[in-house]
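# Coordinate analysis (summary)
Here is what each chain is made of, one letter per residue.
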Amino acid sequence: MSNTILHKAETRGHADHGWLNSYQSFSFAGYYNPERTQFGVLRVLNDDVVTGGKGFGSHPHDNMEIISIPLEGSLVHEDNMGHKEVVSAGEIQVMSTGSGVFHSEYNNSPDKPAKFLQIWLFPNKLNVTPRYDQVKIDPLKGKNQLQQLISPDANGEGTWIYQDAWFLSGRFDKDSRFSYERKKKENGVYLFVIKGSFTVDGQLLETRDGFGITDVDEIELLSLEEGSEILIMDVPMKNKIQ
Amino acid sequence: MEKIQLKILAVGREPAILQVVERLINGHEGWAATIVTTDEAAIAAFDKTDFRIVFVCAGVSAEEEENLRRRLEELHPGVVVTRHFGGGSGLLENEVLAILNSQKK
């Protein structure tokens, strides 16, 4: 029998710092809810809007797999590994922060907001040499089917991270039905609706709702609106640090 | 004068990251941080201060963490030795609150 957890969009943590408007699916910074700290190794899922010309100044991270998915606009990334990149909607950025990295992320536009998802996973290997990667998503591949964005396989589709986790996304026509089979028995599946609405095993999910499912091999989804978009995160429920 | 209620030791191998962890902890009312870069210095730090939480930070291996935890828990029963993930970022305050919350139960 499956176990599920529903995180409605309006129940997320919220912080409005003026330059940053952030909705948090899991406890983060000043938002602390002991009932909502993580889903397996998925620790952070922030839905951020950064105003034009603003951003996160240089700050460190370590031992965390950090995935940024711009939804609108673009960010300028700079780090102490020597990268200076612009990451835009239609791309994914991955940082394996390992033994430690300093970076900054600023909105690339002086006046338009940048919207992006900031997702952190606990790594399965400590203190690795920090790594940065950025890949383009083929918009056609994710039309009415799921497209792999992230996997543990360095040679796999999309990019990779130090964790037995898979991310997939897709944009679906109204009434499209599809299924998702989890990758590993030890994993759970966390679904996040980027846009539109779906039913997932009969559960209605609307824009920015999150839904975690464990102990089930296959999930049935139905798109309820034209152009509905979903992000699927298939993650270990227990971390096995090597 | 501000009263320090929670003393936190952070041990790691990356001084630049430790300094950020120290600044963030000290920026929280009632919390005070000490940072060290070796396990021996972590044990010695208890001579001067009775820490309630020890954060194991960047650069410390899982094996070193386990050894340090075993030694500190033997010497100072009640101390919580736990890994800090994320490098002085948005998780630090959450990690402290989770420990305090679990100790209430």
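A short tour of the structure in this document, coming up.

### Regarding the overall build of chain A
A count of helical and extended segments in chain A gives 0 helices and 22 strands. Taking 18 Å as the expected radius of gyration for a compact globule of 242 residues, we find that chain A reaches 17 Å, a close match to that expectation. Each of the three principal axes of chain A carries a C-alpha extent, and together these read 45 × 45 × 35 Å. The burial tally for chain A puts 42% of its 242 residues in the buried class.

### A word on the overall build of chain B
When helices and strands are counted, chain B shows 4 helices and 4 strands. The order of α-helices and β-strands along chain B, N terminus first, is β-α-β-α-β-α-β-α. Each of the three principal axes of chain B carries a C-alpha extent, and together these read 35 × 30 × 25 Å. Taken over 105 residues, chain B has a buried fraction of 38%. The long-range fraction of contacts in chain B, counting pairs at least 24 apart against all pairs at least 6 apart in sequence, stands at 68%.

### Quick notes on the interface of chain A and chain B
Each partner contributes residues to the interface: chain A has 20 residues there, and chain B has 19 residues. Its residues assigned to classes, the side of chain A that touches chain B shows 9 nonpolar, 10 polar and 1 charged.

### Some points on the sheet that holds strand β1 (residues 3-7) of chain A
Residues and elements named next belong to chain A. Strand order in the open sheet formed by 7 strands is β1-β20-β17-β22-β15-β13-β14, and the pairing between neighbours is mixed. On the outer flanks of this sheet lie β1 and β14 (159-160), each paired with one strand and no other. Of the pairings in the sheet, the one linking β1 to strand β20 (residues 210-214) comprises 5 bridges and is antiparallel in character. Across the sheet, L6 pairs through a bridge with F211, a residue of β20.

### Comments concerning the nonpolar core
In this structure, I232 of chain A together with A10, V21, V54 and C57 of chain B are the most contacted members of the largest nonpolar core, which totals 78 residues. For this core, the element with the highest residue contribution is strand β11 (residues 114-121) of chain A, accounting for 6 residues.

### Digging into unusual backbone geometry
Residue and element names in this part refer to chain A. Notably, N144 is not glycine yet its phi reads approximately 60°, a positive angle. Considering the arrangement of structural elements, one finds N144 in the loop between β12 (131-136) and β13 (147-151). Positive phi is not limited to glycine here, since R208 has a value of about 70°. Position of R208 relative to the elements: it lies in the loop between β19 (203-205) and β20.

### Observations regarding the environment of L231 of chain A
All names here are of chain A. Here L231 lies in strand β22 (residues 228-236). By the C-beta count within 10 Å, which is 20 here, L231 ends up buried. Sequence-wise, L231 and L146 are 85 residues apart; in three dimensions their C-alpha atoms are separated by 8.9 Å. Non-local contacts of L231, meaning those with residues more than four positions away in its chain, are made with F167, S169, F192 and I194.

### Quick notes on the sheet that holds strand β1 (residues 6-11) of chain B
All names here are of chain B. A sheet is described by the order of its strands in space; here 4 strands give the open sequence β2-β1-β3-β4, paired in parallel fashion. In the strand order of this sheet, the two ends are held by β2 (31-36) and β4 (80-83), each with one partner. Strand-to-strand twist across the sheet, computed as the mean angle between neighbouring axes with direction ignored, equals 25°. Here 6 bridges tie β1 to β2, and the two strands are oriented parallel to one another. What sits directly across from I8, in β2, is A33. On top of the sheet, helix α3 (residues 62-75) reaches β1, β3 (53-56) and β4; it is set at about 170° to β4, its chief contact.

Quick notes on the rules
- Residues numbered from 1 in each chain as written.
- Chains lettered and ligands numbered in written order.
- Predicted model: local features only at pLDDT ≥ 70, side-chain atom pairs only at ≥ 80, totals over all residues.
- Helix = DSSP H or I, 4+ residues; strand = E, 2+ residues; numbered from the N terminus.
- Rg over C-alpha atoms; globule rule 2.2 N^0.38 Å.
- Buried ≥ 20, exposed ≤ 12 C-beta atoms within 10 Å, placed from the backbone.
- Contact = placed C-beta atoms within 7 Å.
- Nonpolar A, V, L, I, M, F, W, Y, C, P; charged D, E, K, R; others polar.
- Pairing = 2+ DSSP bridges.
- Core = buried A, V, L, I, M, F, W, Y, C linked by C-beta atoms within 7 Å.
- Axes fitted to C-alpha atoms, helices over the stretch in contact; angles between N-to-C directions.

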